[in-house]
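Topology and contacts: notes
In case you want the letters, here they are:
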Amino acid sequence: MRRKLLLGNWKMNKLNSEAKEFAIAAKPLVAKARANKIDLGVAPTYLSLATARKYSSKAMIVAAQNVHFEDHGAFTGEVSIPMLKELKINWVILGHSERRAYDNETSEKCNKKMKALIANDMIPVYCVGETLAQYEAGETKDVVKEQILKGFEGITEEQAKKFVVAYEPVWSIGTGKNASTEIAQDVCKFIRKTLKSVVGKSANKIRILYGGSVKPENIKAYLSCPDVDGALVGGASLKIDSYEGLLNNIL
Ligand code: 13P
């Protein structure tokens, strides 16, 4: 049985002080989630990671939104795995479509980051998804297949067990245009099948999240799909009331 996972991606939002306020307010929610066998987490900006970790319940997942694959060196503006580990940050989102679009993030680069994270016993949340043009051209499965195959290249069955994959159709992110639950299930099932071809049975352990305009009103429908194990939520994860609504609706 795969545990449900609700992860808020704060993107470039929230001051440090606001991250602190949220972390404290979320404490009872983490307890409620735990009691119902749900994992709960947020991904603040680098600047708020230490604060979010310090003021959150221990069981709250605090994830970074990116990381560099080298441990240190002349990489201006980057942050490394040892820097995250020192802050007890063990989860990292990789390959988000906004980074693919604006920051030259590629599946090949994500693969290097995945391997570096594994070597440090950390958990990647690897994002895949097609653009509107690719969706309209009927290329969804070709695109996600290539992203999965390149991202997981050289990852073993044993290493892949703890991984998380997020399917986020780019056309549904921040647009209010939801992918139907049929599309979400169909693509997540296809992702699991593709994963099986690379990492064998571990594909059944990998949690696959859906992301893109997930709200308290629609989260339950997505999570009732057999291959959708949770949600990666942007806008609706920013306010504590809405975050609580997301959780309450999947209890
Ligand atoms: P929204 O929930 O705001 O559409 O964002 C989804 C997302 O990109 C999460 O990573």
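Provided above is the structure to which this section pertains.
Residues numbered from 1 in each chain as written. Predicted model: local features only at pLDDT ≥ 70, side-chain atom pairs only at ≥ 80, totals over all residues. Heavy atoms only, no water.

Before going further, it helps to spend a moment on the site of the ligand. In the vicinity of the ligand lie 13 residues, with Lys11, His96, Gly174, Ser213 and Gly235 positioned nearest. One of the side-chain nitrogen or oxygen atoms of lysine 11 is found 2.8 Å away from an oxygen atom of the ligand. Take glycine 235: an N or O atom from its main chain is 2.9 Å from an oxygen atom of the ligand. When the ligand is considered free in solution it has 310 Å² of accessible area, and contact with the protein chains removes 95% of it. Counted by class, the shell around the ligand contains three nonpolar, eight polar and two charged residues. (Near = heavy atom within 4 Å. Polar contact = N/O pair within 3.5 Å; in protein donor to acceptor, adjacent residues only side chain to side chain. Areas by Shrake-Rupley, 256 points an atom, 1.4 Å probe, with all protein chains shown as cover. Nonpolar A, V, L, I, M, F, W, Y, C, P; charged D, E, K, R; others polar.)

Let us now look at the sheet that holds strand E7 (residues 207-211). Remark on secondary structure: sheet strands pair via backbone hydrogen bonds, oriented parallel or antiparallel. Spatially, E1-E2-E3-E4-E5-E6-E7-E8 is the arrangement adopted by the eight strands of the closed barrel, whose pairing is parallel. Ignoring which end each strand starts from, the neighbouring axes of this sheet average 25° apart. Judged from the four bridges that link them, strand E4 (residues 91-94) and strand E5 (residues 123-128) form a sheet pairing that is parallel. Paired with isoleucine 93 across the two strands is valine 125, which belongs to E5. (Pairing = 2+ DSSP bridges. Helix = DSSP H or I, 4+ residues; strand = E, 2+ residues; numbered from the N terminus. Axes fitted to C-alpha atoms, helices over the stretch in contact; angles between N-to-C directions.)

On to unusual backbone geometry. Phi at lysine 14 is positive, roughly 80°, even though this residue is not glycine. Within the element layout of this structure, lysine 14 appears in the loop between strand E1 (4-9) and helix H1 (16-25). Judged by its relative accessible area of 23%, lysine 14 falls in the partly exposed class. The residue asparagine 104 is not glycine, and still its phi comes out positive at about 60°. Checked against the element boundaries, asparagine 104 lands in the loop between helix H5 (97-102) and helix H6 (107-119). (Buried < 20%, exposed > 50% of the residue type's maximum accessible area, 1.4 Å probe, protein only.)

Enumeration according to the criterion identifies seven aromatic pairs in this entry. Members of the aromatic cluster, connected to one another through ring pairs, are Trp10, Phe22 and Tyr243. Over the aromatic face of tryptophan 10 sits the side chain of lysine 14, whose NZ or CZ is 5.0 Å from the ring centroid. (Phe/Tyr/Trp six-rings, centres within 6.5 Å; stacked < 30°, edge-to-face > 60°. Lys NZ or Arg CZ within 6 Å of the ring centre and 35° of its normal.)

We now examine the state of the cysteines. On inspection of all chains with the given rule, the structure shows zero disulfides. The thiol sulfur of cysteine 110 is not disulfide-bonded, and the nearest other cysteine sulfur, from cysteine 127, lies at 8.3 Å. With no disulfide of its own, cysteine 188 has cysteine 225 as its nearest cysteine by sulfur position, at a separation of 7.6 Å. (Disulfide = S-S within 2.5 Å.)

Rolled over the atoms, a probe sized like a water molecule indicates the empty space that remains. Approximately 420 Å³ is the volume attributed to the largest pocket. Around the largest pocket, the lining comprises 14 residues; the ones closest to its centre are Lys11, Met12, Thr45, Gln65 and Arg99. Space inside the second largest pocket adds up to approximately 290 Å³. Every residue lining the second largest pocket is counted, 15 residues in all, and those nearest its centre are Arg100, Gly129, Thr131, Gln134 and Gln147. Secondary-structure elements contributing two or more residues to the lining of the second largest pocket are H5 and helix H8 (140-151). Looking at the lining of the second largest pocket, its residues break down into five nonpolar, six polar and four charged. (1 Å grid on protein atoms, 1.4 Å probe; cavity = no way out; pocket = protein on both sides within 12 Å on 5 of 7 lines; lining within 4 Å. Points joined across faces, edges and corners; volume = space filled by probe spheres on them.)

Attention now goes to empty space enclosed by the protein. Across all of its chains, the model carries one cavity of 30 Å³ or more by this definition. The volume enclosed by the largest cavity comes to roughly 40 Å³. Among the elements of the structure, H5 and E5 are those that each provide at least two residues to the lining of the largest cavity. Taken together, the residues of the lining of the largest cavity sort by class into two nonpolar, four polar and two charged.

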